[in-house]
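# Structural description and commentary
Chain residues, written in single-letter form:
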Amino acid sequence: MKTTVIFSLLCVAGALQTGASAQNISSPSGDLSLTFGLTPEGQPTYSLDYKGKNLVNRSRLGLKGDERDFTEGFEIVSVDTLSTDRTWQPVWGEYAEIRDNFREMAVNLKADKPEREMTVRFRLFDDGLGFRYEFPKQQQGSYLTLKDEATEFNFNGDHKLFCIPGDYDTDEYLWSETTFSSLPEAMGNYHRHSEAQRTGGNTIQTPMLLKTDDPVYVNVHEAALVNYPAMLLDVDTQENNMKAHLVPDRLGVAGYLQYPFQTPWRTLIVSDDARDILASQLILNLNEPCAIEDTSWIKPMKFMGVWWEMFTGNQKTWAYSDDYLAKPGVTDYTTLKPNGRHPANTANVKKYIDFAADHGIEGVLVEGWNEGWEDWASYRKNRQFLFDKAYPDFDVDELRDYAASKGVKLIMHHETAANAADYALQLDRAFQFMKDNGYDAVKTGYVGAIIPRSEHHTSQWMVDHVLDVAKRAADYKIMVDSHEAPRPTGLCRTWPNWLAQESARGGEFESMGGNPPSHTALLPFTRLKGGPMDYTPGLFETRLSYYNEGKDSQAGTTLARQLALYLTMPSPMQMACDLPENYERFPDAFQFIEDVPVDWSDSRYLEAEPARFITVARQDKHSDDWYVGAITDETPRTAVIDLSFLPKGQKFEATIYEDAPDADWKTNPQAYRIRTQKVDSKSVLRQPLASGGGAAIRLTPVR
Ligand code: NOJ
Ligand code: CA
């Protein structure tokens, strides 16, 4: 690890008297500069300039709890500054090496009557800002019942906003493209999710993206969300201001904190080039280094799943029986009448294992394997699922041996029905059961209203719970893919066994109204900045009418675009979501899914505009191959793919998976072509993309 650290300590004696001294730092390139100050009441503030122009006006800082108010009465005691330029190697990801280059300013503050101490630590990178609050042991009082965070992002104009409504429980919304002034109208268009609690009003979620007229792009989010609730943003649509809104528990308390503690980092990723937002590693840089010593067991993978069958409208069920009164651990399931529509059975799982083995897909997920799904629809009071009790038609031993003989890993599914309290109690037994039966990875799920009922999906208790699951999984050398968990904030750097999360509207919605093509052209600018998403690409049969005459739901994509998503939505755990029989209908297109890696040594964002288009090239971590993915929204487009990133003088064969000339996501989604072409670093490909389309390219050196 290359490390250069320069410390300096400024004792601002003058500030102690005036209490109003302004402090500045600039990013290494000088593009970003930050000014810290105090209001006449002693409230800390900051403002941010980008390329010599104000971006964030003077914005307030601080926290408020029942016992103490950390928003006023402060004086500056001292300011510590520091420059760091170092690189580190993630266990997996978009880059083999990540540069962490920033200037830091820690402003140490003190107030009296009552005595309070707080540090605001700013880190200014060339691609943005992170800051957090740190609280040492206080002279009086040992804890804080947190009620509110005063942090503001006070923007300087009626900018464009890409956002979803504030919700304490779910992120599974379509995105609005709006402005500060038209936000109320946009938020009014959302319906209320049945078991989730929407904030109402002009509250939105992070990560969100903002675009100024210049344009400057800003992603607002947080990093290292630990022991604290998730942050939403209350938007003042007149003042173009956003204020932190912490997710409370049902008693209205945002956090139970003991000194010393620190908050997550508040982050702004900033650039006038949209490609830089996608390339930014700022959120990972603000997380702690890897906490797992031996990471050799952490293996990025592609997987298939006994999964989409239950979404196709074919009446397939996660449940074994239609007897909704069956109770896990109480009912003898062998006495139940099977419903005959249960795909998680031994013979069917073997079919998936066979297909995966034949096509080099490492994992097979099985949903609906365990007792408890019969009760799904009824109101839950107690334990719903058992995580070590298989249905009678799912032979754990036989499948363990069969999968092992085929070199395929089974992936466990733990749907908790949001009973996180009970899941925590079953966890050790569940993980031991996995290890005993050859499972190295688990997909967790929290569908419904959280138990304990005091909590929300993104309140402090649940933030603790999901991190605890990832940590305890690491003890068992288990990899985790969590669904319906608090949105990621880069913790996968510290816990790289936490491969992926859902935490947004994923591919499953293609069976529930569909995701418009712009959705996947926006997620990488917003949700994905916190970490990889288990989006579940690879849908080849995009029409629900194929299964069901009555259904006319249509996925917002062409087939070729689904291949491109493996590049534009990077994740170390990438599903091939469709049914084996659908892949058998298009074996030449499936070849791309077979070939595409899930771990990269380098990534180059070639073209990008939020919700419009993305073109990215990535280098395989384990070969000299490069891959390119390009997607567009509803508007057909020609991607310009400049291959100058290829090594000079080396010829490559490009295998291009593209939309056929008559392809269109609505009318002709499965029209694709595959062609090959010789290219080198001087080539510039002009690649047509259909409406809702995309292209995927494999580049192999010609020896
Ligand atoms: C919602 C998850 O996102 C989905 O992938 C899963 O199949 C269902 N819950 C059932 O657990
Ligand atoms: Ca979900």
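Residues numbered from 1 in each chain as written. Chains lettered and ligands numbered in written order. Predicted model: local features only at pLDDT ≥ 70, side-chain atom pairs only at ≥ 80, totals over all residues. Heavy atoms only, no water.

## Quick notes on the overall build of the protein chain
A tally of regular secondary structure across the protein chain gives twelve helices and 38 strands. Radius of gyration (C-alpha) of the protein chain: 26 Å, near the 27 Å computed for a compact globule of 703 residues. Dimensions along the principal axes, computed over C-alpha positions, put the protein chain at roughly 80 × 65 × 50 Å. Within the protein chain, the proportion of its 703 residues that are buried is 64%. Look at the contacts in the protein chain between residues 6 or more apart in sequence, and 72% of them connect residues 24 or more apart. For the protein chain, the exposed area adds up to about 25,300 Å²; of that, 48% sits on carbon and sulfur atoms. Positive and negative charge centroids in the protein chain, built from 72 and 101 side chains respectively, lie 2 Å apart. (Helix = DSSP H or I, 4+ residues; strand = E, 2+ residues; numbered from the N terminus. Rg over C-alpha atoms; globule rule 2.2 N^0.38 Å. Buried < 20%, exposed > 50% of the residue type's maximum accessible area, 1.4 Å probe, protein only. Contact = heavy atoms within 4.5 Å. Areas by Shrake-Rupley, 256 points an atom, 1.4 Å probe, with all protein chains shown as cover. Lys, Arg positive; Asp, Glu negative; His and termini not counted. Charge placed at Lys NZ, Arg CZ, Asp CG, Glu CD.)

## Let's talk about the site of ligand 1
Neighbouring ligand 1 are 13 residues; Glu367, Glu415, Lys443, His483 and Glu508 lie closest to it. In the model, an oxygen atom of ligand 1 is placed 2.9 Å from a nitrogen or oxygen of the Trp307 side chain. Contact with the protein chains removes 93% of the 290 Å² of surface that ligand 1 exposes when unbound. Residues that form the shell around ligand 1 fall into these classes: five nonpolar, two polar and six charged. (Near = heavy atom within 4 Å. Polar contact = N/O pair within 3.5 Å; in protein donor to acceptor, adjacent residues only side chain to side chain. Nonpolar A, V, L, I, M, F, W, Y, C, P; charged D, E, K, R; others polar.)

## A look at the sheet that holds strand E12 (residues 143-149)
Pairing in this open sheet of four strands is antiparallel, and the strands run E7-E6-E12-E21 from one edge to the other. Because the sheet does not close on itself, it has two edges, and the strands there are strand E7 (69-70) and strand E21 (255-258). Where strand E6 (residues 63-65) lies against E12, three bridges are found, and the strand directions are antiparallel. Residue Lys64 lies in a different strand from E12, and its bridge partner there is Asp148. (Pairing = 2+ DSSP bridges.)

## Overview of the packing of aromatic side chains
Under the defined criterion, the tally for this structure stands at 38 aromatic pairs. A ring pair is formed by Tyr546 and Tyr547, whose centres lie 5.2 Å apart and whose planes are at 90°; its orientation type is edge-to-face. Through a chain of ring-to-ring contacts, the aromatic side chains of Trp307, Trp308, Phe311, Trp318, Trp373, Phe385, Phe387, Tyr423 and Tyr446 assemble into a single cluster. Positioned above the aromatic ring of Trp88 is the side chain of Arg493, whose terminal nitrogen or guanidinium carbon lies 3.7 Å from the ring centre. The ring of Phe613 has Arg637 lying over it, and the distance from NZ or CZ to the ring centre is 3.6 Å. (Phe/Tyr/Trp six-rings, centres within 6.5 Å; stacked < 30°, edge-to-face > 60°. Lys NZ or Arg CZ within 6 Å of the ring centre and 35° of its normal.)

## So, the environment of Val79
When you line up the elements, Val79 lands in strand E8 (residues 75-88). Val79 gets classed as buried once you look at its relative accessible area, which sits at 0%. Here the alpha-carbon distance between Val79 and Gly506, two residues 427 residues apart in the chain, equals 44 Å.

## Some details on unusual backbone geometry
For the bond from Thr206 to Pro207, the omega torsion is -5°, close enough to zero to count as cis. Here Pro207 lies in the loop between strand E16 (203-205) and strand E17 (208-211). A cis amide bond, omega 10°, links Ile451 with the succeeding residue Pro452. Looking at the secondary structure, you find Pro452 in the loop between strand E27 (441-445) and helix H8 (460-475).

## Digging into helix H12 (residues 587-595)
Since the α-helix turns once every 3.6 residues, residues separated by three or four places project in the same direction. When H12 is considered as a whole, its buried residues turn out to be Ala589, Phe590, Phe592 and Ile593. Projected down its long axis, H12 shows its buried positions confined to an angular sector of 140°, all on one face. (Arc of directions from axis to C-beta.)

## A closer look at the pairing of strand E10 (residues 116-125)
Burial analysis of E10 places nine of its ten residues in the buried class, the great majority of the element. As judged from the seven bridges shared by E10 and strand E11 (residues 128-135), these two strands associate in the antiparallel manner. Its bridge partner being in E11, Leu124 is matched across the sheet by Leu129. The turn linking E10 back onto E11 is made up of two residues.

## So, the nonpolar core
Counting 201 residues, the largest nonpolar core has Phe122, Phe153, Phe155, Met242, Leu268 and Phe431 as the members making the most contacts within it. With residues up to four places along the chain from it excluded, the contact list for Leu268 reads Leu48, Val56, Asp127, Gly128, Leu129, Phe153, Phe155, Val218, Asn219, Val220 and Leu282. In this structure, Leu643, Phe645, Leu685 and Leu699 belong to the second largest nonpolar core, which totals 19 residues. (Core = buried A, V, L, I, M, F, W, Y, C linked by side-chain atoms within 4.5 Å.)

## Some points on the coordination of the calcium ion (ligand 2)
Binding of the calcium ion (ligand 2) to the protein goes through Glu172 (OE), Glu484 (OE), Glu502 (OE), Glu502 (OE) and Glu508 (OE), at separations of 2.2 to 3.0 Å. Around the calcium ion (ligand 2) sit six donor atoms; with metal-centred angles ranging over 52 to 166°, the donor geometry is irregular. (Donors = N, O, S within 2.8 Å, 3.2 Å for Na, K, Ca; no water. Tetrahedral: all angles 85-135°; square planar, octahedral: opposite > 155°, others 65-115°.)

## Description of the pattern of salt bridges
Tallying each qualifying case throughout the model produces 44 salt bridges. The shortest N-O distance in the salt bridge between Arg543 and Glu541 comes to 3.0 Å. A residue is classified by how much of its surface remains accessible, and Glu541, at 2% relative accessible area, is buried. Put simply, Glu104, Arg121, Arg123, Arg132 and Glu134 are held in one network by salt bridges that share partners. (Salt bridge = Lys/Arg side-chain N within 4 Å of Asp/Glu carboxyl O.)

## Considerations on the confidence of the model for the protein chain
Model confidence for the protein chain is summarised by a mean pLDDT of 95, while 95% of its residues fall at 70 or above. A low-confidence stretch, residues 1-20 (pLDDT under 50), is modelled with 36 contacts involving residues beyond four sequence positions or located in other chains. (pLDDT = per-residue confidence, 0-100.)

## Description of the packing of helix H5 (residues 346-358) against helix H6 (residues 396-405)
Two packed helices can be described by the angle between their axes and the distance between those axes. Orientation of H5 relative to H6, taken along the N-to-C sense of each, is 15°, at an axis distance of 10 Å. Overall, the two elements H5 and H6 adopt an arrangement that is roughly parallel. The interaxial crossing formed by H5 with H6 has right-handed handedness. Residues Thr346, Val349, Lys350, Ile353 and Asp354 of H5 lie in contact with H6, whose contacting residues are Glu398, Leu399, Tyr402 and Ala403. When grouped by side-chain class, the residues that make up the contact of H5 with H6 number five nonpolar, one polar and three charged. (Axes fitted to C-alpha atoms, helices over the stretch in contact; angles between N-to-C directions. Parallel < 35°, antiparallel > 145°, perpendicular 65-115°, else oblique. Left-handed = near helix turned anticlockwise from the far one by under 90°.)

## A look at the side chain of Asp680
Examined against the element boundaries, Asp680 turns out to sit in the loop between strand E36 (672-679) and strand E37 (684-689). One polar contact links the side chain of Asp680 to the main-chain amide nitrogen of Lys682, over a distance of 2.8 Å. In this structure, Asp680 is in contact with Leu643, Leu646, Gln650 and Lys651, ignoring residues within four places of it in sequence.

## Digging into the sheet that holds strand E31 (residues 600-609)
With respect to topology, six strands assemble into an open sheet ordered E31-E32-E33-E38-E35-E36, the strand pairing being antiparallel. Of all the strands in the sheet, the pair left with one neighbour each is E31 and E36. The mean angle between the axes of side-by-side strands here comes to 15°, regardless of whether they run parallel or antiparallel. The pairing of E31 with strand E32 (residues 613-620) spans eight bridges and is antiparallel. Of the residues in E32, the one forming a bridge with Ala608 is Ile614. Along the sheet, helix H10 (residues 559-568) contacts E31, E32, strand E33 (626-632), strand E35 (652-659), E36 and strand E38 (694-701); its crossing angle with E33, the most-contacted strand, is approximately 120°. Lying over the sheet, H12 contacts E33, E35, E36 and E38, oriented at roughly 120° with respect to E35.

## Some words on the state of the cysteines
Using the criterion set out here, one finds zero disulfides in the structure. Cys290 forms no disulfide, and the closest cysteine sulfur to it belongs to Cys492, at a distance of 11 Å. For Cys290, a relative accessible area of 33% puts it in the partly exposed group. (Disulfide = S-S within 2.5 Å.)

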